[in-house]
Structure formats: structure tokens, C-alpha cells
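Listed below, chain by chain, are the residues.
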Amino acid sequence: MGAQAVYIHPLPAPSGRGTGPGAAYPVIPVGLVGHVNLLREAGVHVQGVNLGVERMLDPDFQLSAWLRQRAEPALVLVDMHWYEHVWGALVVAETVRVAWPHTRIVLGGLSATHFYAAVLERCAAVDAVVCGPAEDAVLQLAHQAVGGTWAPLDVANVASRDGLGVVCRSEQRWLTPPDLLDRLDSVDLTWLEHAAAYRRMLHSRPRRVNDRNAQGQWILSGRGCAYACGYCGGGRHAHRVLSGLTRVARRDPVRLAADVNRLTRLGVEQVAPSLDPDMLGRTHRTAFFDGLEGLPGLYVESYQLPSDDLLVRLAGATHLDHTEVALTPLSGNTAVRRLHGKRYDNVQLVDTVRRTAELGVAVFAFFSLNLPGEDEQTVQETVALVRRLLEVAPADGFRAISICHTIDPLSPMSESPGAFGVDWVGLRTLDDYVSYAQSSRPFTFAPGERGFTLKTPRNLPAMVAAWDALAAEHPGRVYPVPRV
């Protein structure tokens with residue numbers, strides 16, 4: 001029997017061959033894995049394909065040919081989560097509609113929720129958009145599609161077209177109940193083609209890992225965020241607007257630990273919880289670590305600086321070769337860092353990295369070269385800070401990168417540009433983000449290239465050159481600014 005539902009993860013920049021001129025961004029939204037497994041639990045046969053993975057394995061892979069080789073399913077799910085995938089998701093929907101004219105095509109994710117009206121107005125191939133929490137909606141839409149009783153506007157958190165073709169959104173709202181959030185399965189990937197290859201792409205690969213086949217996987221630890229970092233479209237304001245979450249929703253820590261144990265038994269060397277363990281609180285963190293078996297590797301994103309308790313637990317309860325803490329200091333200038341929501345200074349950062357070195361915990365530090373407040377002077381401060389961090393950490397225990405941020409929908413920078421010294425925002429609509437995805441690569445760091453400009457001009461190419469000179473001095477520990 002063919003699949004009743006098919007999930008497709010799009011490429012950001014569809015092309016005839018390869019992954020396109022930019023990054024492949026193959027990571028599936030962690031919530032989507034739970035949606036698929038909930039469908040499977042309900043008896044729906046689901047098959048999934050990740051176009052980023054397929055094109056990296058076979059540059060000549062064609063979605064249209066893959067579709068033609070399979071029986072037409074009742075439902076196709078496509079994620080439009082982060083802005084990088086908006087164009088790719090629309091292209092996938094149009095490609096599916098040609099091959100499978102009777103299939104119901106449903107999009108979901110943060111960006112789909114934000115742009116739902118524009119998606120339905122622009123793309124006739126899309127039958128419905130799930131807006132916000134999706135578990136119940138996906139289940140009901142799948143049952144409707146399989147049963148031939150399509151009435152999407154009767155389902156909470158769904159937007160579609162009425163009988164006259166007018167875009168409407170269901171008046172019903174639904175939030176994921178705690179008991180359902182607790183039991184969502186974000187572990188099982190048996191439904192995904194080339195799941196092992198996908199897991200190999202998810203391992204963060206600290207410098208101490210030499211195994212090219214090491215596997216990683218993200219798992220759901222909760223939803224929402226307590227912070228409002230200036231550059232981020234996934235902070236507390238965005239979650240309140242898009243999903244109705246007014247506080248962070250935490251999964252049961254014992255169930256979360258059981259998921260990590262299950263993945264470790266499956267041979268996954270590194271597991272990445274979706275939320276910062278410190279943000280979930282000490283009680284949650286303690287119960288989680290107490291529930292771990294063996295020595296799993298963990299990739300932990302710390303939204304502020306990690307607590308000493310978290311670092312001590314990582315050092316004592318994980319496989320340190322496969323464990324890494326991701327820090328986001330953004331800048332070597334404390335004022336710039338605080339403008340964007342980070343509440344620590346350089347002395348505290350250096351002390352934390354020194355502590356990770358003592359405990360044997362690896363660190364990956366992320367800086368952002370083009371955020372508001374950054375200029376030629378602050379980049380020099382960042383370079384000096386990174387030099388200091390390289391001194392206090394061992395060669396295999398610290399690495400750093402500086403990237404350029406594109407302005408996120410619903411980020412504080414986008415919503416209140418004047419507060420950040422932004423004088424122009426060029427990415428507002430769905431069409432804007434589609435045009436951005438279609439723009440030429442590699443980036444040249446020209447003004448406005450990332451969707452915004454500042455009131456005070458700066459020389460971005462010179463700033464990039466300053467960071468790249470540091471990277472040239474420390475290959476493998478400091479990475480050049482990506483051009484994608």
C-alpha cells in the first residue's frame with residue numbers, strides 16, 4: 001500500500017541540480033517529527049523526504065520524478081517554518097500539484113502562520129495552512145483527506161478558502177495540552193528516507209570528533225521562549241502572536257530523559273534538546289539529568305550563559321567527545337550584546353569558557369557581524385575577545401564563527417526598528433522573503449542585502465575582512481564569515 005500522507009522538507013532555493021546557490025538548511029523542524037509520529041500512531045501511513053538530504057546525496061535528485069514513482073496520497077505536508085524556506089515550500093506545493101492533482105496540500109510552521117493569507121492568495125496549489133499549534137489540526141486534516149470529507153475551516157488553527165474562494169481562518173483556537181506535549185515522539189525517524197544520512201548531518205562535530213559517521217538528532221524539550229533577543233523571530237513575542245503561548249511549555253523531564261536514552265540505544269551519539277535546559281528551570285534540569293542512562297552526548301544551546309550546575313552535570317553525565325555548549329555572545333562589545341538581549345559582560349563570558357575548559361566541556365561561540373550596533377570598532381573588540389577565549393580554552397574545546405543575520409519576521413528588530421537604530425526594513429511581506437531567497441549568492445555584504453540598513457553607515461566588507469583575518473590565523477578553530 002502506498003503512503004496515505006507524505007511529508008516533504010523543502011530546499012531554500014530550488015534549483016535544477018544540487019542544493020542551490022545558498023545553504024541547504026536540511027534540519028526538519030523538531031515539532032514536525034512529533035506531528036508525523038502522531039499521525040502514524042493514529043494509523044495513517046506516512047512517508048517523508050528531505051530535499052536537502054536527497055540533493056546532498058544525489059545532486060541530480062528530482063522531486064517531480066520521485067512523486068511520479070509513487071501512488072498519489074491523500075495528504076502532503078510541507079513545512080514553511082523559518083523564512084529561509086518560504087520560496088522552497090511554495091515551489092514544492094506547485095510541484096506536488098502537477099504530479100498529484102487530487103492530493104490535499106497543507107503548509108505549517110512559524111512563517112506559514114505569519115504569512116498564511118499571502119500563502120493562500122499567492123499559491124493556488126496550497127489547500128490549507130495550519131496556524132500555530134498543529135497536532136490536532138494535522139490529525140483532523142489527515143482524517144478528512146483520507147476520508148474524502150474535506151472541510152478545513154471546521155478545524156481549529158486552520159486557514160483555507162471558503163466556497164467563494166475567499167481566504168478565511170477558522171474561528172476556533174487550540175493549544176497543545178501538556179499531556180499531549182509530553183508524549184509526542186520526536187525520536188522515531190523510520191518513516192524518513194535516508195534517516196541515517198540525515199542524522200549524520202545533525203551532529204555538531206566538535207573538534208574532538210573524527211568519526212564522519214557520528215549521528216545526532218534534535219528532540220522536543222518544550223515550546224516557546226522566555227527571551228526577546230533583538231534579532232530572533234522565535235522569541236516570546238513571536239510565540240505569543242503566532243501560537244498563543246504566553247509562557248514556556250515544558251515537556252516532562254523524565255520523558256525527555258527517556259527520549260535521550262532511547263536515541264542513545266539507537267546509536268545516536270549526540271542529542272540536541274530544542275530548548276536551553278537553564279531556561280526550563282533547576283527542578284526540570286535536575287530531573288532530566290537524573291533520568292539519563294549511560295553517557296549520551298548532548299548539544300546544548302545556552303540563551304544566556306550556562307549555569308555552573310548545568311556545566312557540572314554535562315561534565316559528569318555525558319560523553320564529552322560528543323557534548324558541546326553553544327553560546328551566542330554576538331559581539332565583543334557588551335553594549336551591543338545587551339541591546340540584543342544577552343545579559344552578561346566579557347569578564348563573565350571569559351570566566352565561563354575558562355570553567356568549561358576545566359570541566360572538559362567543548363564550546364561553540366556564535367557571533368553576528370552585522371547586527372545593529374556593530375561597526376568597524378566593535379568588530380575589533382570582538383576579535384580581541386575571541387583571541388582571549390582561544391587562550392583560555394584547549395585547542396579541541398573551543399571554536400567560533402561570525403555570521404550575518406537577515407532580519408526575521410516578528411523579531412524586535414523588525415517590529416521596533418527605531419529602537420535598534422534601523423532606518424529601513426526591506427523584508428516585510430511573503431513576496432519580500434521570496435525575493436530574498438531568489439537573490440544572488442554568494443553575498444557581497446552590500447548595504448541592505450540582509451533586509452535592513454542602519455541610520456549610521458558602516459563598512460561591512462572591511463568588518464568581514466577583519467574577522468576572516470582572525471579565521472586565517474586559527475583554521476579549524478575560527479571559521480570565516482559564511483557567504484550564504
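These numbers come from a predicted model, not from an experiment.

Below, the discussion takes up the sheet that holds strand β3 (residues 75–79). Spatial ordering of the open sheet is given by β2-β1-β3-β4-β5-β6-β7, a layout of seven strands whose pairing is mixed. With partners counted over all chains shown, the strands left at the sheet margins are β2 (46–50) and β7 (167–169), one partner each. In this sheet, adjacent strand axes meet at a mean angle of 20° when their direction is disregarded. Alignment of strand β1 (residues 5–9) against β2, held across five bridges, turns out to be parallel. Along β2, the bridge assignment pairs V6 with Q47. Of the strands in this sheet, β1, β2 and β3 are in contact with helix α1 (residues 30–41), which crosses β2 at around 155°. Packed onto the sheet, helix α7 (residues 135–147) meets β3, β4 (104–108), β5 (128–130) and β6 (158–161) and runs at close to 150° relative to β3.

Further remarks concern the nonpolar core. Residues I8, L107 and V119 are the most contacted members of the largest nonpolar core, which totals 60 residues. Among residues more than four places away in sequence, those in contact with L107 are V78, M80, A89, A112, V119, V126, A128, V129 and V130. Membership of the second largest hydrophobic core comes to 51 residues, among which are L256, V379, A393 and A466.

The end-to-end C-alpha separation of helix α15 (residues 346–359) is 20 Å, in line with the 20 Å expected for 14 residues at 1.5 Å each. Looking at α15, one finds that the buried residues are L349, V350, T352, V353, T356 and L359. Contacts made by the buried residues of α15 are with α13 (308–317), β13 (324–330), α14 (334–339), β14 (362–368), α16 (376–392) and β15 (398–403). Put simply, D345 is the residue that caps the front of α15, since its side-chain oxygen is 3.2 Å from the backbone nitrogen of V347. Remark: G360 follows α15 within two positions and exhibits a positive phi of approximately 80°.

Once that is clear, we can look at the environment of V300. Residue position: V300 is located in strand β12 (residues 297–301). We classify V300 as buried; its relative accessible area is 1%. Ignoring any residue separated from it by four or fewer positions in sequence, one finds V300 in contact with P277, L310, L314, E324, V325 and A326.

What counts, and where the lines are drawn
Residues numbered from 1 in each chain as written. Predicted model: local features only at pLDDT ≥ 70, side-chain atom pairs only at ≥ 80, totals over all residues. Heavy atoms only, no water. Pairing = 2+ DSSP bridges. Helix = DSSP H or I, 4+ residues; strand = E, 2+ residues; numbered from the N terminus. Axes fitted to C-alpha atoms, helices over the stretch in contact; angles between N-to-C directions. Contact = heavy atoms within 4.5 Å. Core = buried A, V, L, I, M, F, W, Y, C linked by side-chain atoms within 4.5 Å. Buried < 20%, exposed > 50% of the residue type's maximum accessible area, 1.4 Å probe, protein only. Expected span 1.5 Å × (residues − 1). Polar contact = N/O pair within 3.5 Å; in protein donor to acceptor, adjacent residues only side chain to side chain.

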